[in-house]
Amino acid sequence: MTPRVRAPELPQDYPWLNTDYPFSIKQLKGRVVILDFWTYCCVNCLHILPDLKYLEQKYKDSLTVIGVHSGKFANEQDTENIRQAILRYDIEHPVVVDQGFRIWQEYAVRAWPTLMVIDPKGYVVGYVSGEGNRDVLDELITQIIQEHQNQGTINFQELSLTLEKQRQPLITPLAFPGKVLATQAGLFVADSGHHRIVFSNFDGDILHLIGNGKSGLNDGTFEEAQFSAPQGMAFDEEKQILYVADTENHALRRVDIKQQTVETIAGTGEQSRNIRPHGGDGLDTALNSPWDLVKVKNTLYIAMAGPHQIWQMDLASGIIKTYAGSGAEGCFDGSLTESAFAQPSGIATNGNELYVADSEISSIRGVGLVEPQQVRTVCGSGDLFGFGDVDGQGEDVRLQHCLGVEYFQNYLWVADTYNHKIKLVNPHSGNCQTVLGNGYAGLQDGQGKNTSFFEPSGLSAIDSYLFIADTNNHVIRRVNLQSLEVTTVGFNGLCAPDVCIPKYF
């Protein structure tokens, strides 16, 4: 905890979101204030959002949370991109865009996330960094309220806000689709913002909607089942079973297409705090933000973003455990146990090696499945701040928070998410070249680099087509790999869960 110091005033001329007017420390006198220093790429920052929502609800007449978005990546310093993140993660408190890290520096912050607590007299009385501090904050807020109630210096009053989701409701047919999976059975889309899976044929006709569109963890029929921001998927063609990384439920789900049922096969529904390599029975083992899946024979490999590891699940025994990664956040090549990753968010394979989109170090990693089972860096700097947009070879390549990777016809297709591009990587030489996208956020069909995307996050190829989850555009794009022609996929009759009554269960 910090000593009592006067809280520096918040800039009034910076962009503010989720509010019609800027907030000041002076204006908030009489209330407890928490400043949440965050950046929207950071999985640890996302993990504390439920804690903040809990505290905001519990103390809604005496606590104000203000997000201070101090963006790590260049792409995260754009106000419109931050607005999209607020919509995606359903953030309901004011957010100030911390241009040039001014507020960060004035409050002497050193890490994401950091929560700075300010008392009703405008003094900083404490701070915590990292995850898992809800109980500490709850106790501190109660103590502050009691103390200032006794002094008569607290102002009990609920504040009214105009939220971005009120200005821009998510009524598009898809909402922030995170991943896409093309199979012989059809196209599966993780409709992450609508908490469901859309299953269609390649003409855009809906075959099934999997999940009722409400956030929750519920097994049962397609109409009864609930997910929470699902992401990566893997499909067993023979058994017609879809496996889903149910990211915000910290769970893996098994979708039986023939029986039209959903069941949980791993995770407890609670986020694991254990970053050391471990494992156990699937349903007894807490997970931490599983982000993508790939199936090799009877084993699921999981990009487990939260603890910076790659996990594996034996589908026959139901045992799930760490496969690679020490739990440290960084880039360390070598043996499976010594290796380190940084928020792995995409995974693919050629059968002998896993390929990982290691987002926080903007690099593509290789993880051996056969002896000697080594971890290597295919391309990218391997540095937490070594990002950019540079084609080239190996460690000279610069990507920016890549979230998706697909192995197809001996090459890797990479969703270079924050550069709004799709790149092609030789997994042997590490050569990386831009193939699609002009580098500007937008929605433009066309050919090759005369196209635009907005934070594409997922890729899947089949036959002569590549499908792209174009996340912030709320659409799926289709690429003819022979002509590099990009078109936007239309889904016939699909609409947002609250907009129309689904007919596809």
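The rules behind the values
Residues numbered from 1 in each chain as written. Predicted model: local features only at pLDDT ≥ 70, side-chain atom pairs only at ≥ 80, totals over all residues. Heavy atoms only, no water. Phe/Tyr/Trp six-rings, centres within 6.5 Å; stacked < 30°, edge-to-face > 60°. Helix = DSSP H or I, 4+ residues; strand = E, 2+ residues; numbered from the N terminus. Buried < 20%, exposed > 50% of the residue type's maximum accessible area, 1.4 Å probe, protein only. Pairing = 2+ DSSP bridges. Polar contact = N/O pair within 3.5 Å; in protein donor to acceptor, adjacent residues only side chain to side chain. Salt bridge = Lys/Arg side-chain N within 4 Å of Asp/Glu carboxyl O. Contact = heavy atoms within 4.5 Å.

A.B. asks: Even after reading the chapter, I still don't get the packing of aromatic side chains, so can you show me in this structure?
C.D. replies: Centre distance and the angle of the planes are the two values used to describe a pair of aromatic rings. Counted by the stated rule, this structure contains 16 aromatic pairs. Consider the rings of F37 and W104, whose centres lie 6.5 Å apart with planes at 75 degrees: the pair is edge-to-face. Linking F37 in strand β3 (residues 32-38) with W104 in helix α4 (residues 102-106), this pair joins segments that are 67 residues apart in sequence. Residue F37 shares its accessibility class with W104, and that shared class is buried. Measuring from centroid to centroid gives 5.8 Å for Y355 and Y407, while their planes differ by 10 degrees, and the two rings are stacked. With Y355 in strand β24 (residues 353-358) and Y407 in strand β28 (residues 404-408), the pair connects residues that are 52 residues apart, well separated along the chain. The residues Y355 and Y407 share a single accessibility class, namely buried. Among the aromatic side chains, those forming a connected cluster through ring pairs are F37, F101, W104, Y107, W112 and F385.

A.B. asks: Just to check I follow, could you spell out the sheet that holds strand β33 (residues 456-462) for this structure?
C.D. replies: Consider a sheet: its strands pair through backbone hydrogen bonds, and that pairing is either parallel or antiparallel. Read from one edge to the other, the open sheet built from 5 strands follows the order β32-β36-β35-β34-β33, with strand pairing classed as antiparallel. Edge strands, defined here as strands with exactly one partner in the open sheet, are β32 (446-447) and β33. Of the pairings in the sheet, the one linking β32 to strand β36 (residues 485-488) comprises 2 bridges and is antiparallel in character. Within β36, the residue paired with Q447 across the bridge is E485.

A.B. asks: What is the right way to look at unusual backbone geometry in this model?
C.D. replies: For residues other than glycine, phi is negative in most cases, and the peptide bonds are mostly trans. In the segment running from W112 into P113, the intervening peptide bond is cis, with an omega of -15 degrees. Assignment of secondary structure puts P113 in the loop between α4 and β6 (114-118). E371 connects to P372 through a cis peptide bond whose omega is 10 degrees. Structurally, the position occupied by P372 is in the loop between β25 (363-368) and β26 (374-379).

A.B. asks: Explain helix α3 (residues 79-88) here, please?
C.D. replies: Two residues of an α-helix separated by three or four positions point the same way, owing to the 3.6 residues in each turn. N81, I82, Q84, A85, I86 and L87 are the residues of α3 that are buried. The opening residue of α3 is D78, an N-cap whose side-chain oxygen sits 2.9 Å from the backbone nitrogen of E80. Of the residues flanking the end of α3, it is D90, one or two places downstream, whose phi is positive at about 50 degrees.

A.B. asks: Sorry if this is basic, but what is going on with the pattern of salt bridges here?
C.D. replies: It is possible for side chains of opposite charge to pair when their charged atoms get near one another. Overall, the coordinates contain 27 salt bridges when judged by the stated rule. Of the charged contacts, one joins D219 and R253 as a salt bridge, the two residues approaching to 2.9 Å between their closest N and O atoms. Taken as a pair, D219 in the loop between β11 (206-210) and β12 (220-221) and R253 in strand β15 (residues 251-256) lie far apart in primary sequence, 34 residues in all. We classify R253 as buried; its relative accessible area is 0%. When salt bridges that share partners are traced, they join D20, E80, R83, E164 and R167 into one network.

A.B. asks: Could you clarify how one ought to interpret the side chain of T417 in this entry?
C.D. replies: Mapped onto the fold, T417 is located in the loop between β29 (411-416) and β30 (421-425). The class for T417 is buried, based on a relative accessible area of 0%. At 3.4 Å, the side chain of T417 forms a polar contact with the backbone oxygen of H401. At 3.1 Å, the side chain of T417 and the backbone nitrogen of L403 are in polar contact. In this view, T417 contacts Q400, H401, C402, L403, E455, P456 and S457; residues no more than four positions away in its chain are not counted.

A.B. asks: What is the right way to look at the environment of G493 in this model?
C.D. replies: Following the sequence through the fold, G493 ends up in the segment after β36. Counting along the chain gives 82 residues from G493 to Y411, while the straight-line C-alpha distance between them is 35 Å.

A.B. asks: Explain the pairing of β3 to me, please; I cannot follow it from the model alone.
C.D. replies: If a strand is regular, its side chains alternate between the two faces of the sheet. Where burial is concerned, most of β3 is hidden: 7 out of the 7 residues are buried. Side-chain alternation along β3 places V32, I34, D36 and W38 on one buried face and V33, L35 and F37 on a second face that is also buried. Bridge count for β3 against strand β4 (residues 63-69) is 7 bridges, and the pairing is parallel. Counterpart to W38 in the pairing with β4 is H69. Across 5 bridges, β3 lies against β6 in antiparallel orientation. Bridged to F37 within β6 is T114.

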